[in-house]
Amino acid sequence: MPTMWPLWLLASLLALSQALPFEQKGFWDFTLDDGLPMLNDEEASGAETTSGVPDLDSLTPTFSAMCPFGCHCHLRVVQCSDLGLKSVPKEISPDTTLLDLQNNDISELRKDDFKGLQHLYALVLVNNKISKIHEKAFSPLRKLQKLYISKNHLVEIPPNLPSSLVELRIHDNRIRKVPKGVFSGLRNMNCIEMGGNPLENSGFEPGAFDGLKLNYLRISEAKLTGIPKDLPETLNELHLDHNKIQAIELEDLLRYSKLYRLGLGHNQIRMIENGSLSFLPTLRELHLDNNKLSRVPSGLPDLKLLQVVYLHTNNITKVGVNDFCPVGFGVKRAYYNGISLFNNPVPYWEVQPATFRCVTDRLAIQFGNYKK
């Protein structure tokens, strides 16, 4: 009998070493993209280790018994959410790759809170009370790629973010200013979500985004009255919904020729200057719903790749036969698969069928009753 116990232990360890990585259902789903899929990291940046799962094979397997009191630890995932913690717990295994501290009462990140966690890939601090971060708090995190620190009490973007960072979620804080240089050295960053902060246009210092090669940027639910200047020209997605933007002027979109999705819904836009959209040759989706437009924006027929246009809940009173589709054949490379015009004061019976000659299917056109 005594000789059997080591064999049983060895078999258990072998089974554990071959187990699949822990997967937390719904863990990454913060429903920030209005039901539209975002580029995964590998597609967006071309980086080798930016998939949604850490590269566990590159790490030496260890099976440490270290686990903070009250937390759940499995392989390299340490889950300490919803515990009422006042500070970052101690005794976190140094081989941890994912640390979940969301929904606690942590108010400060101190210098040595993450000491020794050089393999950490994702850090989740959502929904705490963090208002103070030591300038060297993130220094040990040399492999950190995802930092989720939304729904806290931050008044500034944390200093000295790890240069390995790919994704920063910092929405729903109290940030009013984005100073120049705050993102310096972050060459791998491709996604920033900073909506839900009281940011005005004047809060962005010139050069605030210098050096960044972002693919995705969201500054929704802020206090913007116009499209911010000098955003990264590498952007594929820009979401500025739920602001107070009143107009799109000619030069506003000049530098964003790589955009394929532009979100400007739920603003106060009355006017889009002629020619403004001509700077977006790769645009595929345009969201202008819930604004104050009185007509369909000019320039849509020239956007050869445009497939989705949201114009519902505006003040549009007329739809012309050439508002969406180019004159002639073979000009548009991708047909529309979604045009929403419902909740506009348009006499729909006057809209000519030829207006939608470049739409894949009549079901892709959404009309509806207008209610004052």
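Residues numbered from 1 in each chain as written. Predicted model: local features only at pLDDT ≥ 70, side-chain atom pairs only at ≥ 80, totals over all residues. Heavy atoms only, no water.

**Brief notes about unusual backbone geometry**
Using the following cut-off: Numbering of helices and strands runs from the N terminus; a helix is a DSSP stretch of H or I covering at least four residues, while a strand is a stretch of E covering at least two. Between buried and exposed lies partly exposed: a residue is buried under 20% and exposed over 50% of the maximum accessible area for its type, with that area taken using a 1.4 Å probe on protein chains only.
Of note, K151 is a non-glycine position whose phi angle comes to about 55 degrees, a positive value. When you line up the elements, K151 lands in the loop between β7 (146-148) and β8 (167-169). The phi angle at E221 is positive, at roughly 55 degrees, despite the residue not being glycine. Its location among the elements puts E221 in the loop between β10 (216-218) and β11 (237-239). Since its relative accessible area comes to 52%, E221 is described here as exposed.

**A few points about the confidence of the model for the chain**
Filter applied, for reference: pLDDT expresses how confident the predictor is about each individual residue, on a scale running from 0 to 100. We call two residues in contact whenever any of their non-hydrogen atoms come within 4.5 Å of each other.
Scored by pLDDT, the chain has a mean of 85; 81% of the residues are at 70 or more. Contacts of residues 1-63 to residues separated by more than four positions or lying in other chains number 79 contacts, the stretch itself having pLDDT below 50.

**Looking at the environment of L231**
Relative to the helices and strands, L231 resides in the loop between β10 and β11. Residue L231 is classed as buried on the basis of its relative accessible area, which comes to 0%. It is 9.7 Å that separates the C-alpha atoms of L231 and F204, two residues lying 27 residues apart in sequence. When residues no more than four places from it in sequence are discounted, the contact partners of L231 are F209, L217, L238, R255 and Y256.

**Some points on the UniProt feature "domain: LRRNT" (unreviewed entry) in the chain**
Filter applied, for reference: UniProt positions are given in the numbering used here, feature names are shortened, and annotations may be inferred rather than shown by experiment.
When the UniProt feature table is mapped onto this chain numbering, "domain: LRRNT" (unreviewed entry) sits at residues 66-98. Note that residues 66-98 is 0% helix and 21% strand, and that its end C-alpha atoms are spaced 14 Å apart.

**So, the nonpolar core**
To keep things clear, this is the line we draw: Buried Ala, Val, Leu, Ile, Met, Phe, Trp, Tyr and Cys residues form a nonpolar core when they are joined through side-chain atoms within 4.5 Å. Domain extents, as shown, originate in an automatic or database domain assignment.
Ranked by internal contacts, the top residues of the largest apolar core, which has 88 residues, are L109, L123, F183, M194, L217, L300 and F324. Each of two domains, domain 1 (66-146) and domain 2 (272-371), supplies a minimum of three residues to this core. In contact with L300, not counting residues within four places along its chain, are L277, L286, L306, V309, D323, F324 and Y336.

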